[in-house]
Amino acid sequence: MMLAECRQKLSLPFPPTKQTLATLLKACSSQPHQLTQIHALVLTSGLSVKNSLITQLLANLVILGDVQYARKLFDEMHKPRVFLWNTLIRGYVKNDMPVESVSLYGRMSSLGVRPDGFTFPFVVKASAELPDSWAALTIHAHVFGDVGLADYLFETMIERDLVAWNSFIAACVQMGYASKALALFHRMGLARIKPDAVTIVSALSACGQLGCLNIGNKIFDSALYDGMESNIIVENARLDMCMKCGSTHMARTLFDEMRLRNVVSWSTMILGYAVNGKSEEALALFSRMQNEGPKPNYVTYLGVLFACSHAGLVSQGRAYFSYIVDSNDQNLQPRREHYSCMVDILGRSGHIEEAYSFIMGMPIEPDAGVWGALLGACAIHKNVKVGQVAADKLFELAADIASYHVLLSNMYASAGRWDSVEKVRLRMRKKCIKKVAAYSSIELNSEVHVFYTGDNSHPQSSSIYQKLEDLYMQIGSLGYISEVGSVHHDVEMEEKEAMLRVHSEKLAAAFGLINVEPESPIRIIKNLRTCDDCHNFFKFISRISMREIIMRDKSRFHHFRNGTCSCKDFW
DNA sequence: GTAGGGTTAG
């Protein structure tokens, strides 16, 4: 575009000065079309353009989401300053391009440009969103050893301010490294950096992941004690923490006491009730929300569908789903997550064919989550025919997710098709797909104790196994028989039973029975779905010990009390 | 001078 043309378009009667251009740029930060024109003006003005001008332009482009164009300008620049690197690194993160963001950081450091305090939060955010394979590559490329990129960056920072701590702690929580996050939180205290609301939110979130109700409450109380004003985000995080620890009652008390509640508060409650198996409470709260609360969003509806799914409420699930569709609200139209949930509702209750045709009728392309829900249902109902279709689709969409392979293999195993089980295993070996090891954890006196299957590493190991034997003796006389079908291995019967007997959740339960004071419930967190035998075992021991046992597995809660489970054996 | 971190879902 010619200068005159630009000027005309911008209605400028005279050639612009640097000042004019700078002012123009500031004014046009929300108008992408004019930005391009101004860029042309800058280039054709013949002025020796200052970096600050391009900086402003680039920043504007990034805000508008045109990172490609920003990158083009950036590459044409001579020795861009740190601020500019930061701007672009941030731009990539904001536009969901973490790989590009980290690559740019890599280039920055290889050119010897020193990152400043602002670089860190951007790169950490990007590396938290990095796909695993990429994180590994990046770490290799920088020869950072076995610590992550973020770790390296953090430890080498000269000055760590509050935001640096907060962004690292938050990144750890988001990546699922909750105990690392709590360790950092502790270290932060030792370094005499006073946490603020943002820190507390992440810390509470970490406690929720770990199921550490006591630690979470302590953190919240001490923050208030230190004079920190609580805000709605902190309170929502605390609600969620309680719910993730299975303490629905405490969450409700806090919710009722809140002066202000937003859509997140309501949704957190509804979701929390749903995963805790309290569907009536979830749906009752939803109907109250419709009358007196804020407008539900798509997460709220996800909670409503979860409530139906966990309680096996098929017709109600169908009704809510069509309600969402019929609402004609464009922002609330069902997303893939809602479809997965609906497939789960239909499939798990045995309506496999209906679930399949439901998927075929989807207006949006089904993703791995949707097919995974179908495969899960097929594994439960031993429907190898439909399960095979789902598995084929899954391997197209998400070829190397371990849990789908495990599901498929379990489906074949429960149908007794050991040749097919072996094929899946072979495929996993070939593609180096490793099963996630099962573990269970339990909090005691602000410490987390972790158990793996057949674990002997705990200091109290011998008394734990003794307790387990005692329990087997007692429940055996009450009619407990181990369910060998839960072990998906084609091995001898005795071996099957031997493995079952030492599943991680059983070890954690024995530990809990020995150590947790009699009036408190025993809270166990398991990283995978629990098996039929452990579920049955827990029902028995809740009866003989007269204790409440709360177990959170991969997708939901089981509250065992006096021989029964809140899930009513449907999970 | 300009910019950075937080809650529900996955």
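For the structure, check the block above.
What you are looking at is a predicted structure, and each value in this text was computed from that prediction instead of being measured. (Residues numbered from 1 in each chain as written. Chains lettered and ligands numbered in written order. Predicted model: local features only at pLDDT ≥ 70, side-chain atom pairs only at ≥ 80, totals over all residues. Heavy atoms only, no water.)

1. Quick look at the pattern of salt bridges
Then, number 1: Throughout the structure, instances matching the rule amount to 18 salt bridges.
Then, number 2: Across the pair R187 and E155 runs a salt bridge, and its minimum N-O distance is 3.0 Å. Of this pair, R187 sits in helix α12 (residues 178-190) while E155 sits in helix α10 (residues 149-156), and the two are 32 residues apart along the sequence.
Then, number 3: For R187, a relative accessible area of 32% translates into the label partly exposed.
Then, number 4: Linking K526 and E505 is a salt bridge whose minimum nitrogen-to-oxygen distance equals 3.1 Å. Of this pair, K526 sits in strand β3 (residues 522-526) while E505 sits in helix α29 (residues 504-515); the two residues are 21 residues apart in sequence, bridging distant segments of the chain.
Then, number 5: A relative accessible area of 8% means that K526 is categorised as buried. (Salt bridge = Lys/Arg side-chain N within 4 Å of Asp/Glu carboxyl O. Helix = DSSP H or I, 4+ residues; strand = E, 2+ residues; numbered from the N terminus. Buried < 20%, exposed > 50% of the residue type's maximum accessible area, 1.4 Å probe, protein only.)

2. Brief notes about the side chain of K506
Then, number 1: If you trace the backbone, K506 turns up in helix α29.
Then, number 2: Classification of K506 by relative accessible area gives buried; the value is 0%.
Then, number 3: When neighbours within four sequence positions are excluded, K506 is seen to be in contact with L468, Y472, Y480, L500, R501, D533, C534, F537 and F538. (Contact = heavy atoms within 4.5 Å.)

3. Quick word on the packing of helix α23 (residues 368-381) against helix α24 (residues 384-397)
When two helices pack together, their arrangement is given by the angle between the helix axes and by the axis-to-axis distance.
Then, number 1: Where α23 contacts α24, the two axes come as close as 9 Å, and the packing angle between them is 150°. Between α23 and α24, the interaxial angle falls into the category roughly antiparallel. Of the two possible hands of crossing, α23 and α24 adopt the one that is left-handed. When α23 is examined against α24, the residues A368, W371, G372, L374, L375 and C378 are found in contact with a partner set consisting of V386, G387, A390, K393, L394 and L397.
Then, number 2: Residue composition of the contact of α23 with α24, grouped by class: 9 nonpolar, 2 polar and 1 charged. (Axes fitted to C-alpha atoms, helices over the stretch in contact; angles between N-to-C directions. Parallel < 35°, antiparallel > 145°, perpendicular 65-115°, else oblique. Left-handed = near helix turned anticlockwise from the far one by under 90°. Nonpolar A, V, L, I, M, F, W, Y, C, P; charged D, E, K, R; others polar.)

Everything listed is a geometric property; what it means functionally is a separate question.
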